[in-house]
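Next come the chains, spelled out residue by residue.
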Amino acid sequence: MAKILIVDDSPALLELYEFTLSSEGHKVETAKDGVEGMEKVKKFKPDLVLLDILMPNKDGFEVLKEMQGDEKMKEIPVLLLTNVDEQSKVDRGLKLGATDYIVKFQQTPNQVVEEIKQVLQKTDKE
Amino acid sequence: MELAQIKGWEAGLVVLIFVVSIFLGILVFLKNRKDKSNIYFLGFSLSCAFLILFAYLSEFFPRTIPQLSLVLGGKLVFSFATLLLIFFFYFSYVFPVNKRLPYYFFWPFLISGLILVVLCLFTPFIVKDIKLQPWGFNLVYGSLYNVIFLPLSILLTIASLINLILNYRVSDKLQKTQLKFIFLGLGVFLCSGVFFGAILPLITESQEFYRVGNYSAIFFIGFTAYAITKHKLFNIRVIITEIAVAILSAVLFIEVFISRSIAEGVIKAVVLIVATYGGYLLIRSVIKEIEQRKEMERLAKRLEVANSNLLALQRINNKIVSTLDIKKVTQEIVDSIPRELKYVGGFLVLVDERHHRIKAHAISGGKILKRISRFLKKPFTDYSAPLGGEESAIQKAIRKVELEFSADLSEVVKGAISTKKAKAVQKILRIKTFAVSPIVSRGKVIGAIIFALRKEKEKIKDEERKMMSSIADQAAIAIENAQLYEQVEKINERLKELDKLKNEFLSIASHQVRTPLSIIKGYIHTLSDNKKIGKLTKQQERFMRNIQEANDQLINIMNDFLNLSRIEQGRMKLDITKGDIDSIVKEVVERLKIEAERKKIKLLYAEPKKKIDKINIDESKITEVITNLVDNAIKYTPEKGTVKLSVKKIGKNIRIRIKDTGIGIPKEFRDRLFQKFARASNAIQVQPSGNGIGLFLVQQIINAHQGYIELSSEVGKGTIFNLYLSYESGLKKGKEIDATKLSKKGIIRYREHKYNYS
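Just so it is clear, the structure is predicted and the values come from calculations on it, not from any experiment.

A word on the overall build of chain B. Tallying secondary structure elements over chain B gives 23 helices and 16 strands in all. Of all 758 residues assigned to chain B, the portion counted as buried reaches 46%. For chain B, contacts bridging at least 24 residues in sequence account for 69% of all contacts bridging at least 6. As displayed, chain B has an accessible area near 41,900 Å², and 61% of this comes from carbon and sulfur atoms.

What follows is the structure in structure tokens.
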């Protein structure tokens, strides 16, 4: 039962994840690019963000950087959504403050749900 | 021998000498009437002849003629001696170098000589009287003998010798030989003259033999005549033969002369003629032999020249073929011109078809280049002339495809540099001739080599022309090779570029394709398994499954493509961790169980009896490998077959075995099995789809892990893949591997044993 923000430039993906996550009872907001993403982070104040890397108008890395710059936003766990499986890109994201990453074409929506649960549990404990 | 005989002999000898001297003098004169040497020779040979004659005739005078005549005889002898010395002096001045006798030598000596002759003949100042002796007589010399005659004769003799020596020093080889002969003759004459005229009388106290010294003058005359006329053929064998024949003829002649009866005389004359003719033939054959030998020597020399030319060409060739760089090749060619041909140097031009120009390409370096560098405002290779403009020697050579010569640089390079500059350059380098040799490659003229020589065109031998053409031929081949190689290199570059583009394309395409694939995957999973959507009908479930499988296949293909391009770029990175092979195999089996069941194939895993220790591997990649092999096994095993997996620790290795009862791999196909995009013919029959990348990647991954693969197969029976991974691979966590390097042991091995594949 958490507030989750999904930022991804693919509307089909947004719809899928929104459906999946709301079926689990989470409150879901979506954003289609980095700019909208930042706005919604400030307005919506989510408990978790699913963040795509490759997006127009500000990519995932930039969003991460901005979030790290803010005291409150720093605390929000971020899961990177990506199709690249190059370790270097993922590492970069992790260095920039992402909590973990999800490889879209490898993991099923159920697995994503599980992942999210684990992350939220961890942050709740902290 | 009786005195009479000896006297007879002597008479014959004198006649002979007289006749021969005059004969030789006339012969030499007739041979070349204009040459002063010949004229003076005639003079002194005549003088010598008469001198000897009168010296001899004096022998008769005491007995038959009054005393005055004896004195006259003596006077005549000394007159002729004077004339002889003067003529000889003149001769020594002009022979053999053909100097003109200056008037200050000619007239004074002639006049003083004539005066002396007059004095001698008509006054008692030189020869005054005779004193009768038991054996003959002695001459009594006049008052002026010691004052005029003796000094003059000594002066003339010494001056003649000095002349000859001076002439010797400026003579060429042939002339020197001629002079050597004269010295030889002179030497013989002087020696015998001194011996018989001075030494012997001292010993025997009689002047009886002094005349022999005079007679040896014939040698002097003979040798000199020889030197003048036979100046081309100085060979010791010929000379000895000629002397032998001459002596024989002389002896026979004298014999005729002293024969006592006409009959004897006739016989001896016949013998003389036969012998002389025989001798003549002998001399001719000796000369012929010598000439032949000389011809052989000449040919041998030509052969030697040709041989050394060949060696030079070989040296040039060796240097040229050692490089495929066109700049180096052409530079090597022009540098060989001064080095091998010993010319001043040269340069090379090539035809540029596209721009319709003749372009300078290379010039022989070193001192030449330095000296003319101040005339070259731009680098040498920037010079060019239009093709087909005013015809230069270069253009002519190219048009006629022939070796062209020119004595004028401005004519050679017309159109490229100004006439003034060309003339200046030529002057500085003292070049007399330019030779332009066209370079012909495959029937077309592609350029020319220009040779610069310091000798006239006429002095260029045939062999040199051939050399120049040969060098141009070598240049043609070398340039063609270099150009072809350039093309090949360009093509290679292009291919590399294309390969790179292909990889980049694959990368980008794969990435971009993944997005929709992942979306499809997500939706299918959600549609199949979500509470909100609800349960599907059996048919819907089945259809969903089909879509999912197809989608998974797509994802796998994309993964393979990406891996492929990454491997080709050498970028396979291994994420090394301590992995548990047992659990990996279990996972794979679990995942592929469903598919195996659908094909009614038994997929079994024989768990290891002892626990297998963890090993440093890239788990995801090894998983991929095992998945690929099991997938293949399932694909290529017909229904109701079995696929068995097992894991075993053998020494320092882990062996993962995948055994199937499938269609097997034919022997012919083995070598290509692990290549990209290769699929066996029987495989295509069974399973038409399948991109054939899988085994290639399997190989690369095992290779990167320093492991190896063992393969056994029998068509129709089955296949066993044994994967070996080593605990001592040296792989460490986080290590990056360059996938292009091969592992030491060699990756794929084949075992021929007949296995039980079930």
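Next comes the rest of the description.
The next thing to look at is the overall build of chain A. Of regular secondary structure, chain A possesses six helices and five strands. When its helices and strands are written in sequence order, chain A yields β-α-β-α-β-α-α-β-α-β-α. A total of 126 residues make up chain A; the buried ones form 49% of that total. Accessible area of chain A: about 6,300 Å², with a carbon and sulfur share of 47%.

Take the interface of chain B and chain A next. Tallying the contact residues gives 19 residues for chain B and 20 residues for chain A. Across the chain B to chain A interface the summed buried area is about 1,700 Å²; carbon plus sulfur atoms make up 56%. Where chain B packs against chain A, one counts zero salt bridges. Joining chain B to chain A, the criterion identifies two residue pairs in polar contact (both at pLDDT 80 or more).

Residue and element names in this part refer to chain B. Contact geometry of helix α6 (residues 145-169) with helix α7 (residues 173-204) gives a least axis separation of 10 Å together with a crossing angle of 155°. In this view, α6 runs roughly antiparallel relative to α7, as classed from their interaxial angle. In this structure, α6 meets α7 at a crossing whose hand is left-handed. Of the residues in α7, those touching α6 at Leu161, Leu164, Ile165, Asn167 and Tyr168 are Lys176, Leu179, Lys180, Ile182, Phe183 and Leu186. Classifying every residue of the contact of α6 with α7 gives eight nonpolar, one polar and two charged.

The next thing to look at is the environment of B:Ile258. Tracing the backbone shows B:Ile258 in the loop between α10 (236-257) and α11 (262-321). For B:Ile258 and B:Gly12, which are 246 residues apart along the polypeptide, the C-alpha to C-alpha distance reads 6.8 Å.

Turning our attention to the pairing of strand β2 (residues 27-31) of chain A. Residue and element names in this part refer to chain A. As paired strands, strand β1 (residues 3-7) and β2 are joined by five bridges and run parallel to one another. Looking across to β2, one finds that Val7 is bridged to Ala31. Crossover connection from β1 via helix α1 (residues 11-23) to parallel β2: handedness right-handed.

With phi around 50°, A:Lys45 is a residue other than glycine that occupies positive phi space. With respect to the helices and strands, A:Lys45 occurs in the loop between α2 (34-44) and β3 (48-52). For A:Lys45, a relative accessible area of 54% puts it in the exposed group. A positive phi is found at B:His356, a non-glycine position, where the angle reads about 55°. Tracing the backbone shows B:His356 in the loop between β3 (345-352) and β4 (357-363).

The subject of this paragraph is the packing of helix α2 (residues 36-57) of chain B against helix α9 (residues 217-229) of chain B. Residue and element names in this part refer to chain B. Between α2 and α9, whose axes approach to 11 Å, the crossing angle comes to 165°. With respect to each other, α2 and α9 are oriented roughly antiparallel. Judged by the twist between their axes, the crossing of α2 over α9 is left-handed. Seen from α2, the contacting residues are Asn38, Phe41, Phe44, Ser45, Cys48 and Ile52; seen from α9, they are Ala217, Phe220, Ile221, Thr224, Ala225 and Ile228. Its residues assigned to classes, the contact of α2 with α9 shows nine nonpolar, three polar and no charged.

All names here are of chain B. Residues Phe41, Phe44, Ile52, Phe91 and Ile182 are the most contacted members of the largest nonpolar core, which totals 65 residues. Sorting elements by how many residues they give to this core places helix α4 (residues 67-94) first, with 14 residues. Membership of the second largest hydrophobic core comes to 39 residues, among which are Ile584, Ile615, Leu629 and Val647.

All names here are of chain B. All chains considered together, the criterion is met by four cavities of 30 Å³ or more. What the largest cavity holds in volume is close to 410 Å³. Surrounding the largest cavity, 30 residues form its lining, Phe347, Ile363, Phe380, Leu409 and Val413 being those nearest its centre. Mapped onto the lining of the largest cavity, the elements with two or more residues apiece are β3, β4, α13 (367-372), β5 (384-386), α14 (393-400), α15 (409-412) and α16 (419-429). Looking at the lining of the largest cavity, the element that brings in the most residues is β3, giving four residues.

Residue and element names in this part refer to chain B. Counting all residues, the mean pLDDT for chain B is 82, and 87% of those residues have values of 70 or more. The spread of mean pLDDT over the elements of chain B runs between helix α3 (residues 61-64), the lowest at 54, and strand β7 (residues 433-441), the highest at 94. Both scores are given for the predicted complex: the pTM is 0.50, the ipTM 0.85.

We now examine the packing of aromatic side chains. All names here are of chain B. Scanning the model with the defined rule gives 24 aromatic pairs over all chains in all. Between Phe44 and Phe220 the ring centres are 5.6 Å apart and the planes differ by 15°, which places this aromatic pair in the stacked class. Pair noted here: Phe44 is in helix α2 and Phe220 is in helix α9, with a separation of 176 residues, a long-range link. Across the pair, Phe220 and Phe44 agree in class, each one buried.

Here we come to the sheet that holds β4(B). All names here are of chain B. Spatially, the six strands line up as an open sheet ordered β5-β4-β3-β8-β7-β6, and their pairing is antiparallel. The open sheet terminates on both sides in strands that have one partner only, identified here as β5 and β6 (404-406). Put simply, the sheet's adjacent strands are angled 25° from each other on average, direction ignored. One ladder, built from nine bridges, connects β7 with strand β8 (residues 444-453); its direction is antiparallel. Following the sheet pairing, Thr433 is matched in β8 by Leu453.

A separate point is the sheet that holds β2(A). All names here are of chain A. Taking strand neighbours across the sheet as the criterion, the five strands line up as β2-β1-β3-β4-β5 in an open arrangement whose pairing is parallel. Each edge of the sheet is formed by a strand with only one pairing partner; in this case those strands are β2 and β5 (100-103). Averaged over all neighbouring strand pairs, the angle between strand axes comes to 20°, with direction disregarded. Across the sheet, α2 touches β1 and β2, and the angle it forms with β2 is around 150°. Of the strands in this sheet, β3 and β4 (78-82) are in contact with helix α3 (residues 60-69), which crosses β3 at around 145°.

Let's shift gears to a positive patch on the surface. Residues and elements named next belong to chain B. Together, Lys367, Lys370, Arg371, Arg430 and Arg454 line one region of the surface with positive charge. With respect to the helices and strands, Arg371 occurs in helix α13. Overall, the relative accessible area of 36% leaves Arg371 in the partly exposed class.

Residue and element names in this part refer to chain B. Here Arg657 lies in strand β13 (residues 653-660). With no salt bridge to any partner, buried Arg657 finds its closest opposite charge in Glu710, at an N-O distance of 5.8 Å. A distance of 2.9 Å separates a polar atom in the side chain of Arg657 from a polar atom in the side chain of Asn722.

A word on the side chain of B:Gln395. Relative to the helices and strands, B:Gln395 is located in helix α14. When neighbours within four sequence positions are excluded, B:Gln395 is seen to be in contact with B:Ile358, B:Pro386, B:Leu387, B:Gly388, B:Gly389 and B:Glu390.

Moving on, we come to the pairing of β4(A). Residues and elements named next belong to chain A. Across the five residues that make up β4, a large majority, five, are buried. Going residue by residue along β4, you find Val78, Leu80 and Thr82 tucked away on one face and Leu79 and Leu81 tucked away on the opposite face as well. Strand direction decides the pairing type here: β4 and β5, joined by four bridges, are parallel. Looking across to β5, one finds that Leu81 is bridged to Ile102.

Rules of the game
Residues numbered from 1 in each chain as written. Chains lettered and ligands numbered in written order. Predicted model: local features only at pLDDT ≥ 70, side-chain atom pairs only at ≥ 80, totals over all residues. Heavy atoms only, no water. Helix = DSSP H or I, 4+ residues; strand = E, 2+ residues; numbered from the N terminus. Buried < 20%, exposed > 50% of the residue type's maximum accessible area, 1.4 Å probe, protein only. Contact = heavy atoms within 4.5 Å. Areas by Shrake-Rupley, 256 points an atom, 1.4 Å probe, with all protein chains shown as cover. Buried area = accessible area lost by both parts, 1.4 Å probe. Salt bridge = Lys/Arg side-chain N within 4 Å of Asp/Glu carboxyl O. Polar contact = N/O pair within 3.5 Å; in protein donor to acceptor, adjacent residues only side chain to side chain. Axes fitted to C-alpha atoms, helices over the stretch in contact; angles between N-to-C directions. Parallel < 35°, antiparallel > 145°, perpendicular 65-115°, else oblique. Left-handed = near helix turned anticlockwise from the far one by under 90°. Nonpolar A, V, L, I, M, F, W, Y, C, P; charged D, E, K, R; others polar. Pairing = 2+ DSSP bridges. Right-handed = clockwise from strand over helix to strand, strands pointing away. Core = buried A, V, L, I, M, F, W, Y, C linked by side-chain atoms within 4.5 Å. 1 Å grid on protein atoms, 1.4 Å probe; cavity = no way out; pocket = protein on both sides within 12 Å on 5 of 7 lines; lining within 4 Å. Points joined across faces, edges and corners; volume = space filled by probe spheres on them. pLDDT = per-residue confidence, 0-100. Phe/Tyr/Trp six-rings, centres within 6.5 Å; stacked < 30°, edge-to-face > 60°. Patch = residues over 30% accessible without salt bridge, like charges linked within 9 Å, V, L, I, M, F, W, Y side chains within 5 Å. Lys, Arg positive; Asp, Glu negative; His and termini not counted. Charge placed at Lys NZ, Arg CZ, Asp CG, Glu CD.

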